[in-house]
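Chains, contacts and geometry: an overview
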Amino acid sequence: MTRPKPTKVIYDTDPGVDDAMALYFALAHPAIELVGITTTFGNVSVEQAATNALYLLELAGRQVPVTLGVAVPWVKPSEAPPAHIHGADGLGNLGARRPVSQQLDPRASAQFIVDMARAHPGEITLVAVGPLGNLSLALQLEPKLPVLLREVILMGGTVSEPGNVSPVAEANIWNDPHAADRVFTAGWKLAMVGLDVTHRVVVTLEQFRRIAAKHQHPATDTLLTAVDFYARFYSGLYQHIASTPGCFAHDLLAFIYLVQPDLFQVETKGVRVATDGLAQGQTIMNRRDFIQYPHPGWEKDKPRTQVCMEVDAPGCIALFEETMLGNWLTA
Ligand code: BDR
Ligand code: CA
């Protein structure tokens, strides 16, 4: 039997420790063909994000185009990156690094997304796991982007689960709420993988140790070092993580949704983002879409999002480990 062709993916990212584990999952999974990495500010500056993407590829022995993207939010002022969560370098303070041979692609992230979507109409899935400025800018450059891309899957937002940067806001959406609202109203096939599901899936340090022990490779050793740092943050916050050290799998779940959507339960509803005030960054899902509300913004013809509300956590954890233990790294 012939395998179905792998899905072409552009990974829009701000590496970031969970971004790094998601990248390695994408490189390891046979159903994913990574055709570009577009970077953004978020967990680190955009320059550091691009440096980290190139470094992670170098360690894994892979060549994928990497671009530099937006450095600041669309409207609101920038904030300092969360060095206490991901480390000052975004990868858990790795210290000395080996040299990297690959150079950046000279295009801006938004232009790269547009060029690739035009070159492969209907074929590319965009997996976005940072603030959404690159996508918002790409939409401005090419208004037909929603039909040129196959699908957008984003890690961000939350509906019922409390936020992680305010009582209602998730970090990626908080970091650029104006860009996010454009993305939720653009009219593409869009899935939201937010805290409602990512806070249900904890990957343990022990799993990363097993993966590193199997491969004995700089890529998985480095991932273990980075996750060790990241896990300390989560262990300090949550009792159930402190007892079995690990971390939420956030960005990884966007790729798991891509390869195995049946592990998730979704609701298809309109989503808007609060851009100002106390609720800034909140993703508001219109649960009662049979009501025609009298205020603008919730019209019945507004685009809908497939919002992940439930997840088979053991299924995700098993798929992650099984994939990462496969033979995806060359010596
Ligand atoms: C999201 O914020 C970032 O810190 C993580 O990389 C993830 O994309 C989780 O809220
Ligand atoms: Ca991220």
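Below you will find a few notes about this structure. Throughout this description, residue numbers start from 1 for each chain and increase along the sequence as written. A letter from A marks each chain and a number from 1 marks each ligand, given out in the order of writing. Only residues with pLDDT of at least 70 are given local features in this predicted model, and only at 80 or more are side-chain atom pairs given and counted; all residues enter the totals for whole chains, interfaces and linings. Values reported for side chains reflect all heavy atoms of the structure, with hydrogen atoms and water molecules removed beforehand.

1. Structural notes on the nonpolar core
Generally speaking, a soluble globular protein has its nonpolar side chains buried in company with each other. Tyr-24, Phe-255 and Phe-264 are the most contacted members of the largest nonpolar core, which has 69 residues in total. The element best represented in this core is helix 1 (residues 17-28), accounting for 10 residues. Contact between two residues is taken to exist if any of their heavy atoms lie within 4.5 Å; hydrogens are not considered. Phe-264 has contacts with Val-197, Leu-253, Ile-256, Tyr-257, Cys-308, Glu-310, Val-311 and Cys-316, leaving out every residue within four places of it along the chain. Core analysis: the second largest hydrophobic core is formed by 34 residues, Val-35, Leu-126, Leu-132 and Met-309 among them. Nonpolar core, defined: a set of buried Ala, Val, Leu, Ile, Met, Phe, Trp, Tyr and Cys residues in which side-chain atoms within 4.5 Å join the residues together. Type-normalised accessible area, obtained with a 1.4 Å probe on protein chains alone, sets the label of each residue: buried when under 20%, exposed when over 50%, and partly exposed for intermediate values. By definition, any uninterrupted DSSP run of H or I lasting at least four residues is a helix, any uninterrupted run of E lasting at least two residues is a strand, and each is numbered from the N terminus.

2. Quick word on the site of ligand 1
The environment of ligand 1 is made up of Asp-18, Asp-19, Asn-43, His-86, Val-129, Met-155, Asn-164, Glu-170, Ala-171, Asn-172, His-250 and Asp-251. N or O atoms within 3.5 Å of each other form a polar contact, as long as, within protein, one can give a hydrogen and the other can take it, and as long as residues adjacent in sequence are counted only when both atoms are side-chain atoms. The contact in question runs from an oxygen atom of ligand 1 to an N or O atom on the side chain of Asn-164, over 2.8 Å. Contact distances for ligand 1 include 2.6 Å between an oxygen atom and a side-chain N or O atom of Asp-251. In isolation ligand 1 has 280 Å² of accessible area, and contact with the protein removes 94% of it. Elements represented by at least two residues in the shell around ligand 1 include exactly helix 1, helix 7 (171-175) and helix 13 (250-259). Polar here means any residue other than Ala, Val, Leu, Ile, Met, Phe, Trp, Tyr, Cys and Pro, which are nonpolar, and Asp, Glu, Lys and Arg, which are charged; Gly is therefore polar. Residues of the shell around ligand 1, tallied by class, amount to three nonpolar, five polar and four charged. Nearness is judged by heavy atoms alone; a residue qualifies as near a molecule or strand once a single heavy atom is within 4 Å of it. Using a 1.4 Å probe, the Shrake-Rupley method yields the accessible areas, and only the shown protein chains count as cover for residues.

3. Regarding the coordination of the calcium ion (ligand 2)
Looking at the metal site, the calcium ion (ligand 2) is ligated by Asp-14 (OD), Asp-19 (OD), Asp-19 (OD), Val-129 (O) and Asp-251 (OD), spaced 2.4 to 2.8 Å from it. In this description, a donor is an N, O or S atom within 2.8 Å of the metal centre, a cutoff extended to 3.2 Å for sodium, potassium and calcium. Water is not part of the atom list, which can make sites seem incomplete. We note that the donor set of the calcium ion (ligand 2) lies within a single chain, spaced as D-x4-D-x109-V-x121-D. Across the pair, exposure class does not vary: Asp-14 and Asp-19 are buried alike.

4. Focus: the pattern of salt bridges
One speaks of a salt bridge when a side-chain nitrogen belonging to Lys or Arg is within 4 Å of a carboxyl oxygen belonging to Asp or Glu. This structure, assessed with the given rule, holds 16 salt bridges. Linking Glu-151 and Lys-189 is a salt bridge whose minimum nitrogen-to-oxygen distance equals 4.0 Å. With a gap of 38 residues between them, Glu-151 in strand 5 (residues 149-155) and Lys-189 in the loop between helix 8 (177-184) and strand 6 (190-193) connect regions that are remote in the sequence. In this structure Glu-151 comes out as buried when scored by relative accessible area, which is 8%. The class of Lys-189 is partly exposed, set by a relative accessible area of 48%. Here the residues in one salt-bridge network are Lys-8, Glu-33 and Glu-123, joined through shared partners.

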